[in-house]
Amino acid sequence: MDLSMAQILTPSYLVNYINDAARHKAELRPPRLLVMSCLGGIYIALGGLLALVVAGGATGLLSANPGLDKLLFGAAFPVGFIAVVLTGADLFTSNCAMQMVPWFRRQIRMGEVVRVWCLSYLGNLIGALIAAWAFAYMTGMLDPAQPWTPYLLNLAEHKVHQPFMVVFLKGILANMLVCLAAWQGYSAKDTLGRMVGIWVPVMTFVALGMEHSIANLFFVPAAMLAGLDVSVSEFVFQNLIPATLGNVVGGALLVGLPYAWLYSETDGKVENPTDIDLP
């Protein structure tokens with residue numbers, strides 16, 4: 001089969017493609033990576049805002065069929081993640097898996113991995129908070145009269161009052177699915193294929209109610225701006241820390257490292273991703 005005519009990259013080529021992208025990201029200067037990450041945080045927040053308006057506004061559906069409402073919430077949310085992948089923004093959670101590939105191949109050091117993770121997380125934090133304040137709160141979209149405001153308050157209240165281990169385990173599954181979405185998105189060579197590959201796993205983790213640390217950096221602060229009686233320390237220690245740790249485990253240990261080990265070598269040598277027509 002002519003690989004240049006294929007619509008998707010094979011797993012071995014995909015891992016090499018991700019290896020090059022992750023290694024390049026580790027070489028970026030901090031201001032550039034921070035700006036990319038800020039944009040990523042904003043895009044994820046806007047996807048979350050869309051999901052709130054669509055699912056939270058469907059009050060009749062919520063009372064009559066909460067399962068379909070969750071599906072609707074999940075179906076709208078991936079807009080933000082699709083924007084991250086297609087426009088070259090940056091997301092901490094997908095980096096949890098991607099950076100493991102060049103690290104496993106000993107092309108970057110663990111210090112460089114941690115540097116990328118920290119800068120990416122910081123940028124996502126800034127972007128998500130900007131979006132919560134400027135686009136959700138200041139625009140009046142979180143006014144008490146809006147039908148989706150109680151929906152947001154209930155969502156955030158539940159996120160902050162779960163046991164540590166429950167949030168941690170939900171964080172593992174959330175980022176396993178997010179990183180699979182990134183993997184599938186990068187595997188396609190056309191825009192529609194990338195969108196579909198991303199949409200299905202992201203929709204799944206959101207509809208299941210899993211915990212994505214960057215999405216929570218929008219949902220919970222937005223709810224606090226809307227009047228949720230939760231302190232910053234409660235949010236950080238009861239949700240953000242266990243969700244983040246779970247995201248690291250789900251991305252690094254369940255996606256990044258297994259695929260790095262499985263596809264780092266083919267017939268005794270590492271394949272070159274530039275041998276094919278990359279998207």
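Residues numbered from 1 in each chain as written. Predicted model: local features only at pLDDT ≥ 70, side-chain atom pairs only at ≥ 80, totals over all residues. Heavy atoms only, no water.

In the annotation of an unreviewed UniProt entry, the entry for the protein chain reads Formate/nitrite transporter family protein, and the organism field reads Chitiniphilus eburneus. Its UniProt record gives the protein chain a comment under Sequence similarities (unreviewed entry), which states: "Belongs to the FNT transporter (TC 1.A.16) family." (UniProt positions renumbered as here; feature names shortened; annotations may be inferred.)

A cluster of nonpolar residues, W103, F104, M110, V114, W261 and L262, forms a patch on the protein surface that exposes about 580 Å² of accessible area. Counting residues per element, the ones that place at least two in the nonpolar patch are α7 (100–104), α8 (110–137) and α13 (232–263). Among the secondary structure elements, M110 is positioned in helix α8. (Patch = residues over 30% accessible without salt bridge, like charges linked within 9 Å, V, L, I, M, F, W, Y side chains within 5 Å. Areas by Shrake-Rupley, 256 points an atom, 1.4 Å probe, with all protein chains shown as cover. Salt bridge = Lys/Arg side-chain N within 4 Å of Asp/Glu carboxyl O. Helix = DSSP H or I, 4+ residues; strand = E, 2+ residues; numbered from the N terminus.)

With that out of the way, let us pick up the nonpolar core. Counting 76 residues, the largest nonpolar core has F77, F81, W183, F205 and F218 as its most contacted members. Sorting elements by how many residues they give to this core places α8 first, with nine residues. Among residues more than four places away in sequence, those in contact with F81 are I44, L91, V178, A181, A182, I198 and V202. (Core = buried A, V, L, I, M, F, W, Y, C linked by side-chain atoms within 4.5 Å. Buried < 20%, exposed > 50% of the residue type's maximum accessible area, 1.4 Å probe, protein only. Contact = heavy atoms within 4.5 Å.)

The next subject is the packing of helix α2 (residues 30–56) against α8. Two elements in contact, α2 and α8, have axes separated by 6 Å at closest approach and are oriented at 45°. The orientation of α2 relative to α8 falls into the category oblique. Of the two elements, α2 crosses α8, and the hand of that crossing is right-handed. Of the residues belonging to the contact of α2 with α8, the class tally is 16 nonpolar, seven polar and one charged. (Axes fitted to C-alpha atoms, helices over the stretch in contact; angles between N-to-C directions. Parallel < 35°, antiparallel > 145°, perpendicular 65-115°, else oblique. Left-handed = near helix turned anticlockwise from the far one by under 90°. Nonpolar A, V, L, I, M, F, W, Y, C, P; charged D, E, K, R; others polar.)

You can see K159 is positioned in helix α9 (residues 148–160). By relative accessible area, which is 7% here, K159 ends up buried.

Applying the stated criterion across every chain, the model contains three salt bridges. In this structure, D20 engages R23 in a salt bridge whose closest nitrogen and oxygen atoms are separated by 3.4 Å. Taken together, the positions of D20 and R23, both in helix α1 (residues 11–26) and three residues apart, correspond to about one turn of that helix. What makes D20 partly exposed here is its relative accessible area of 30%.

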